[in-house]
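Listed here are the chains, written in short residue letters.
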Amino acid sequence: MTLHSWLCRRELGNGGIPGANDLKSSILRDVYSSFQCIRVWSPMSTVCHTHHGGIFNFDFSLDGSVLVAACERQSLLVFDPHNARLIGSQENAHRDCVNYIRLR
């Protein structure tokens, strides 16, 4: 598996280190496979069709009216969590991946 194909798989949630079969991988696989999808956000259904990569972290505003996601490809996404709409984004928010966001 090439590095590029591994990164693409990770962005889609199929990550993991190729060949890793340890206890942590097993636990994570069990936990994540037990999640039930409620709604899928499609970037093609929004005004902006930019691919932002994987979401590394997210946080809600204190009043719960905004959800901000830190993305792999140097961007931030701002959502209205009440109607699941993308209400804003910031490209080139960092020189590298945006790994962490905190709204306090």
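Each remark here, short or long, concerns the structure printed above.
Figured I'd write up the structure that's included with this text. (Residues numbered from 1 in each chain as written. Predicted model: local features only at pLDDT ≥ 70, side-chain atom pairs only at ≥ 80, totals over all residues. Heavy atoms only, no water.)

As for unusual backbone geometry
Then comes step 1: Within the chain, Q74 stands out as a residue other than glycine whose phi angle is a positive 60°.
Then comes step 2: Tracing the chain through its elements places Q74 in the loop between β2 (67-71) and β3 (76-80).
Then comes step 3: Under the relative-accessibility criterion, Q74 is labelled partly exposed at 26%.
Then comes step 4: The backbone of A84 shows a phi angle near 55°, a positive value even though the residue is not glycine.
Then comes step 5: What makes A84 partly exposed here is its relative accessible area of 34%. (Helix = DSSP H or I, 4+ residues; strand = E, 2+ residues; numbered from the N terminus. Buried < 20%, exposed > 50% of the residue type's maximum accessible area, 1.4 Å probe, protein only.)

Focus: the sheet that holds β2
Then comes step 1: With antiparallel pairing, the four strands of this open sheet are ordered in space as β1-β2-β3-β4. Taken across any chain shown, the strands that pair with only one partner, and hence form the sheet edges, are β1 (55-60) and β4 (85-90). The sheet shows a mean angle of 25° between the axes of neighbouring strands, taken without regard to direction.
Then comes step 2: Both β1 and β2 contribute to a ladder of five bridges, which runs antiparallel. Of the residues in β2, the one forming a bridge with D59 is V68. (Pairing = 2+ DSSP bridges. Axes fitted to C-alpha atoms, helices over the stretch in contact; angles between N-to-C directions.)

What to know about the environment of V66
Then comes step 1: Counting through the fold element by element, V66 comes out in the loop between β1 and β2.
Then comes step 2: A relative accessible area of 22% places V66 in the partly exposed class.
Then comes step 3: In sequence terms V66 and V78 are 12 residues apart; their C-alpha atoms lie 6.8 Å from each other.
Then comes step 4: Contacts of V66, omitting those with residues within four sequence positions, involve D59, F60, S61, V78, F79 and P81. (Contact = heavy atoms within 4.5 Å.)

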